[in-house]
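Each chain, letter by letter, is given below.
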Amino acid sequence: MVGRGRAAIAGVVAAAVALGAGELIAIITGAQSGPVVAVGGWIVDHVPEGGKELAIRLFGTYDKIALQIGTVIILAGFAALIGILAARRFALGIAGIGLFGVVGAAAALTRPHADPAWVLPSLIGAGLAVVALKRLLLLAETTDAAQAAGQPDGRRRFLRIAGWTGVAAVVVGGAGRMFTQRRGVAEARDQVTLPAPTNSPLPLPDNTLPGYVTSNDDFYRIDTALIVPQVDPKTWKLRIHGMVEQEITITYDELLAMPMIERYITIACVSNEVGGDLIGNARWLGVPVKDLLERAKPLPGADQVVSRSVDGWTCGSPTATLMDGRDALLAVGMNGEPLPIDHGFPVRVIVPGLYGYVSACKWIAEWEVTTFNAFDAYWVPRGWSAQGPIKTESRIDTPRGSKSAGEVVIAGVAWAQHRGIDKVEVQVDEGPWQVAELLGAVSEDTWRQWRLKWQATPGEHRLTVRATDRDGVTQTQDEAPPAPDGATGWHSVRVSIK
Ligand SMILES: Nc1nc2c(c(=O)[nH]1)N[C@H]1C(S)=C(S)[C@@H](COP(=O)(O)O)O[C@H]1N2
Ligand SMILES: [Mo]
């Protein structure tokens, strides 16, 4: 019988064949249908409600790569075991691989907008893995026998063939994945010419500091998408339906032909910790949400508008907020460019004053006018509040770490979107609260930079900031975690002055 080591190797190589073939077939069946993306996507959407911390973390780009690598490593462990079992009884190998094939196919079928063909990458991959496993185990037996019969390099021959098969599978799979990702809508995006706004943003006051506007490259990115949706503007449509008098469908060209406004708006993520950087300020170009909703005419009592993305993600915003005259936008442009693909190309929603998870739907496909009673959007059953107005917060950006004694500028940002910032105060150690200088305000929908000169004396110091909004409410000192509706508390930093 084949030894455990080589049986395990045969199992892992067979799994690599399955995944490599899966990625290759996904070139035809679509990026979302590959086994790793399908299973990973299913995991992202089914992180248990108790795993809130994990859920917060799963958003970020690098965490998604980690999730996929983790999935592959766990799979390799099972594959080694399947190889060992298959060396005893091959039927066990078929059963094990078959099980994984079915899991991959089932995960793919339950993804939003799944097509029956999405089972193919997992099932064909599993079929090829069974063949590969059988051949590798036979090869291990014959090379064992050859070695026993006195041919010195029998075992090495097995390792060579298994190794090259594995390498080939990884290369094919990697190439397949690269191909499906490259074949996106970057070119279609380059061809978009945005209309000029009929109503331009207020000019930036000249006393803003660098960083007031966040560049597209530096803008934080949060979403549940393992693979960024590639939405062709030629086929893009927004369907407005549900509790409306008039159901409407609008195309990208029709949208671009509507009067547009351009506004600086600061958006923020509800999972931003106090002092965190999941917040950014950009110049957004778009059509007022109100103009479109007024065409559809929401029925009385329809208090929630659910935005649904092409990938099935949903968020719900209060109808009243969208229609109260604030600059809620169906946005097509970000800082003078078509939306970057990661930030929702071709069309997304931006609502001043609401956290992203209840408003900022990227890759939008639908608005369903409904009620908060009738529908819970994506994050609500996962333990987050259905309503998510942005809380008044402030952050110290400098100094951090150590500085020399003498004049030190303490500076940062404060935000209370759609209420506006009225005052920022800084405390050094246990000293009195000192009012900081507020720099240019563009509107109540953007963050405000602030600064304060400080005569720093040698030693360790703690700096604390708090903001007051234009309703006269000072940011609470009570510390709350991000879940369920946004972190609170005062941001403090320690500095050492030499
Ligand atoms: N389709 C889709 N849109 C989404 C999300 C998502 O997971 N899927 N996440 C939302 C969240 S939680 C935030 S904070 C903002 C972030 O927008 P950004 O990535 O452009 O900064 O997008 C929102 N829009
Ligand atoms: Mo978010």
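Residues numbered from 1 in each chain as written. Chains lettered and ligands numbered in written order. Predicted model: local features only at pLDDT ≥ 70, side-chain atom pairs only at ≥ 80, totals over all residues. Heavy atoms only, no water.

The protein chain has the name DMSO/TMAO reductase YedYZ molybdopterin-dependent catalytic subunit in an unreviewed UniProt entry, where Allocatelliglobosispora scoriae is given as its organism.

Quick word on the UniProt feature "domain: Oxidoreductase molybdopterin-binding" (unreviewed entry) in the protein chain
Our working definition: UniProt positions are given in the numbering used here, feature names are shortened, and annotations may be inferred rather than shown by experiment. Only DSSP runs of H or I covering at least 4 residues are called helices, and only runs of E covering at least 2 are called strands; the numbering of each starts at the N terminus.
According to UniProt, the feature "domain: Oxidoreductase molybdopterin-binding" (unreviewed entry) maps to residues 227–379 in the numbering used here. Secondary structure within residues 227–379 divides into 12% helix and 37% strand; the distance between the first and last C-alpha atoms comes to 19 Å.

Considerations on the pairing of strand β14 (residues 421–428)
Our working definition: With a 1.4 Å probe rolled over the protein chains alone, any residue whose accessible area is under 20% of its type maximum counts as buried; one over 50% counts as exposed, and the rest are partly exposed. By this definition, two strands are paired if DSSP reports at least two bridges between them.
The buried count for β14 comes to six of eight residues, which makes it a mostly enclosed element. Pairing analysis gives seven bridges linking β14 to strand β18 (residues 459–469), with the strands arranged antiparallel. Note that in β18 the partner of Ile421 across the bridge is Asp469. Here β14 pairs with strand β15 (residues 433–435) via three bridges, running antiparallel. By the bridge assignment for β15, Val426 is matched with Gln434.

A look at the sheet that holds strand β2 (residues 248–251)
Note the following rule: Axis lines are fitted to C-alpha atoms, over the contacting stretch for helices. Their N-to-C directions set the angle, which ranges from 0 to 180 degrees.
The five strands are arranged β2-β1-β10-β5-β6 in an open sheet whose pairing can be described as mixed. Either end of the sheet is taken by a strand with one partner, and the two such strands are β2 and β6 (314–318). Each strand of the sheet is rotated relative to its neighbour by a mean of 20°, with strand direction disregarded. As paired strands, strand β5 (residues 304–309) and β6 are joined by five bridges and run antiparallel to one another. Bridge pairing in β6 places Arg308 opposite Thr314.

Some thoughts on the nonpolar core
Side chains of nonpolar character tend, in soluble globular proteins, to be buried together. Put simply, the rule reads: The definition of a nonpolar core used throughout is a set of buried Ala, Val, Leu, Ile, Met, Phe, Trp, Tyr and Cys residues joined through side-chain atoms within 4.5 Å.
Ile240, Leu255, Trp284, Leu292, Leu330, Ile364 and Trp367 are the most contacted members of the largest nonpolar core, which has 78 residues in total. In terms of nonpolar packing, the next biggest core, distinct from the first, is built from 28 residues, Ala10, Ile82, Ala129 and Leu136 among them.

Examining a nonpolar patch on the surface
Put simply, the rule reads: Patch criteria: residues need more than 30% relative accessible area and no salt bridge. Like-charged residues are merged within 9 Å; nonpolar side chains of Val, Leu, Ile, Met, Phe, Trp and Tyr are merged within 5 Å. In short, Shrake-Rupley with a 1.4 Å probe defines the accessible areas, and a residue's cover is counted only from the protein chains shown. Any carboxyl oxygen of Asp or Glu that lies within 4 Å of a side-chain nitrogen of Lys or Arg is treated as forming a salt bridge with it.
Taken together, the side chains of Ile74, Phe78, Leu81, Leu85, Leu92, Leu99, Phe100 and Val103 present a nonpolar region at the surface, about 710 Å² in accessible area. Sorting the residues of the nonpolar patch by element identifies α4 (61–88) and α5 (90–109) as the ones contributing at least two each. Looking at the secondary structure, you find Ile74 in helix α4.

Details of the site of ligand 1
Operational definition: Nearness is judged by heavy atoms alone; a residue qualifies as near a molecule or strand once a single heavy atom is within 4 Å of it. Definition of a polar contact: a pair of N or O atoms within 3.5 Å, with one able to donate and the other able to accept a hydrogen when the atoms are protein atoms, and with sequence-neighbouring residues admitted only if both atoms are side-chain atoms. All amino acids are sorted into three groups, where Ala, Val, Leu, Ile, Met, Phe, Trp, Tyr, Cys and Pro are nonpolar, Asp, Glu, Lys and Arg are charged, and the leftover types, Gly among them, are polar.
Near ligand 1, the surroundings consist of 18 residues, among which Tyr220, Thr224, His343, Arg348 and Lys362 are the closest. Within the side chain of Trp313, one N or O atom sits 3.4 Å away from an oxygen atom of ligand 1. Separating an oxygen atom of ligand 1 from a side-chain N or O atom of Arg348 is a distance of 2.7 Å. Expressed as a share of its isolated accessible area of 540 Å², the protein-covered part of ligand 1 is 100%. Classifying every residue of the shell around ligand 1 by side-chain character gives nine nonpolar, four polar and five charged.

Some remarks on α5
Here is the rule we go by: Under the convention used throughout, the expected extent of a helix is 1.5 Å for every residue step, that is, one less than its residue count. Within this analysis, the arc is defined by the directions that extend from the helix axis to the C-beta atoms.
The end-to-end C-alpha distance of α5, which contains 20 residues, comes to 28 Å, matching closely the 28 Å that a straight helix rising 1.5 Å per residue would cover. Every buried residue of α5 is listed here: Phe90, Gly93, Gly96, Ile97, Gly101, Gly104, Ala105, Ala107 and Ala108. One face of α5 carries all of its buried residues, which in axial projection span an arc of 165°. What points out from α5, more than 90 degrees from its buried face, is the exposed set Leu99 and Val102.

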